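Structural overview for review
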Amino acid sequence: MTKPLSVLLIDDNPTRAEIVEAGLRDAGYVLLERLDGTYDLSARVSALKPDIIVVSIDSPSRDAIEDLRRTTERQPRPIALFADRSDPATIAAAMEAGVSAYVVKGLAKDRVQPVVDVAVAHFNRYHVLREELDRARLSLVERKTVDRAKGLLMEQKGIGEDAAYKLLRKLAMEQNKRIGEVAQDILTYARALKP
């Protein structure tokens, strides 16, 4: 059995917060704490380590959006935001800051779970895509590093491209490293030995 997801709620309106809390409770989430604003958000997220952040607010201010951005940069979490009113620029800024689901005029107890579920799903999908992009970038950088190391080996040893690649592969197997790491080592040593 999986443990219930924990939530940090941000809402300065007790009546509205009761609706969200009831929806979270009905969905089986664990409410860790309710904050009145985002002013100390990074510290509270560090201390509480919630699985999800839920924000219900009249309309997010620039400061609140910036607090969310700073928090998600250091401690990524799914964020579901319920706003009583908003505009396209604020929605775009919030989504860019890391908000996973943004709902305007849609706060009702029975809508809390579906919106939070969408926020979690969107967050997870985004991070899978981000990891794939990071791997692709690393792979591209690694290929360029391998090509430069091959070129250096070809020049220094007077061998062909295939022989240089085989040498890199052999060194990688002997050292139990990835070929990109060995290529980077060769380039680092070559720079250090350069007059």
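Here we summarise the structure given alongside this text. Everything numeric in this text was worked out from a predicted model, so none of it was measured. (Residues numbered from 1 in each chain as written. Predicted model: local features only at pLDDT ≥ 70, side-chain atom pairs only at ≥ 80, totals over all residues. Heavy atoms only, no water.)

**Some details on the pattern of salt bridges**
One side chain can pair with another of opposite charge once the charged atoms of both are near each other. Inclusion rule: Note on definitions: salt bridges are taken to be side-chain nitrogens of Lys or Arg within 4 Å of carboxyl oxygens of Asp or Glu. Helical segments are the DSSP runs of H or I of at least four residues, strand segments are the runs of E of at least two, and each set is numbered from the N terminus. Under the scheme applied here, a residue whose accessible area is under 20% of the maximum for its type counts as buried, over 50% as exposed, and between as partly exposed, the area being computed with a 1.4 Å probe on protein chains only.
Taken as a whole and judged by the stated rule, the model has 17 salt bridges. The salt bridge partner of Arg 178 is Glu 142, with a shortest N-O separation of 2.4 Å. In this pair, Arg 178 is assigned in the loop between α6 (161-175) and α7 (179-193) and Glu 142 in helix α5 (residues 112-157), connecting sequence segments 36 residues apart. Overall, the relative accessible area of 42% leaves Arg 178 in the partly exposed class.

**Observations concerning the packing of α5 against α7**
Cut-off, in case you're wondering: Between the N-to-C directions of two axes lies an angle of 0 to 180 degrees, each axis being a line fitted to C-alpha atoms and, for a helix, fitted only over the stretch in contact. Between 65 and 115 degrees an angle is taken as roughly perpendicular, under 35 as roughly parallel, over 145 as roughly antiparallel, and anywhere else as oblique. Note on convention: the crossing is left-handed when the near helix lies turned anticlockwise from the far helix by less than a right angle, right-handed when the turn is clockwise. We call two residues in contact when some of their heavy atoms are within 4.5 Å. Ten residues, namely Ala, Val, Leu, Ile, Met, Phe, Trp, Tyr, Cys and Pro, are considered nonpolar, four, namely Asp, Glu, Lys and Arg, are considered charged, and the remaining ones, Gly among them, are considered polar.
One can describe the packing of α5 onto α7 by two numbers: an axis separation of 8 Å at closest approach and a directional angle of 50°. When the interaxial angle is binned, α5 and α7 end up oblique. Of the two elements, α5 crosses α7, and the hand of that crossing is left-handed. For the pair formed by α5 and α7, the contact residues are Glu 142, Thr 145, Val 146, Arg 148, Ala 149, Leu 152 and Leu 153 on the first element and Ile 179, Gly 180, Ala 183, Gln 184, Ile 186, Leu 187 and Ala 190 on the second. Among the residues forming the contact of α5 with α7, the class breakdown is nine nonpolar, three polar and two charged.

**With respect to the environment of Asp 84**
Structurally, the position occupied by Asp 84 is in the loop between β4 (79-83) and α4 (88-96). With 25 residues separating them in the primary sequence, Asp 84 and Ser 59 have C-alpha atoms 6.2 Å apart. Among residues more than four places away in sequence, those in contact with Asp 84 are Arg 16, Ile 57, Asp 58, Val 104 and Lys 105.

**Brief notes about the pairing of strand β1 (residues 6-10)**
Going by this rule: For two strands to count as paired, DSSP must find a minimum of two bridges between them.
With five of five residues buried, β1 is to be regarded as a mostly interior element. Burial along β1 is two-sided: the face carrying Ser 6, Leu 8 and Ile 10 and the face carrying Val 7 and Leu 9 are both buried. Alignment of β1 against strand β2 (residues 30-35), held across five bridges, turns out to be parallel. Across the sheet, residue Ile 10 finds its bridge partner in β2, namely Leu 35. Alignment of β1 against strand β3 (residues 52-57), held across four bridges, turns out to be parallel. Along β3, the bridge assignment pairs Leu 8 with Ile 53.

**So, α6**
As a reminder, the rule being used: Under the convention used throughout, the expected extent of a helix is 1.5 Å for every residue step, that is, one less than its residue count. Throughout, the arc means the angular range of directions from the helix axis out to the C-beta atoms.
Over its 15 residues, α6 extends 21 Å from the first C-alpha to the last, a length consistent with the 21 Å expected when each residue adds 1.5 Å. For α6, every residue scored as buried is listed here: Ala 164, Leu 168 and Ala 172. Mapping the buried residues of α6 onto a view down its axis gives an arc of 75°, with all of them on the same face. Exposed side chains of α6 directed beyond 90 degrees from the buried face belong to Asp 162, Lys 166, Met 173 and Glu 174. Elements that come into contact with the buried residues of α6 comprise α5 and α7. Of the residues flanking the end of α6, it is Asn 176, one or two places downstream, whose phi is positive at about 55°.

**Side note on the sheet that holds β1**
Taking strand neighbours across the sheet as the criterion, the five strands line up as β2-β1-β3-β4-β5 in an open arrangement whose pairing is parallel. Every other strand in the sheet has two partners, leaving β2 and β5 (101-104) as the edge strands with one partner each. Here the average twist between neighbouring strands, direction ignored, is 15°. Taken together, the four bridges between β4 and β5 define a ladder with parallel strand orientation. Bridge pairing links Phe 82 to Val 103 in β5.

**Observations regarding helix α1 (residues 14-27)**
Between its terminal C-alpha atoms α1 stretches 20 Å, which fits the 20 Å expected from 14 residues at 1.5 Å a residue. Listed in full, the buried residues belonging to α1 are Arg 16, Ala 17, Val 20, Ala 22, Gly 23 and Leu 24. On its buried side, α1 packs onto β1, β2, β3 and α5. Just past α1, the residue Gly 28 takes up positive phi, approximately 90°.

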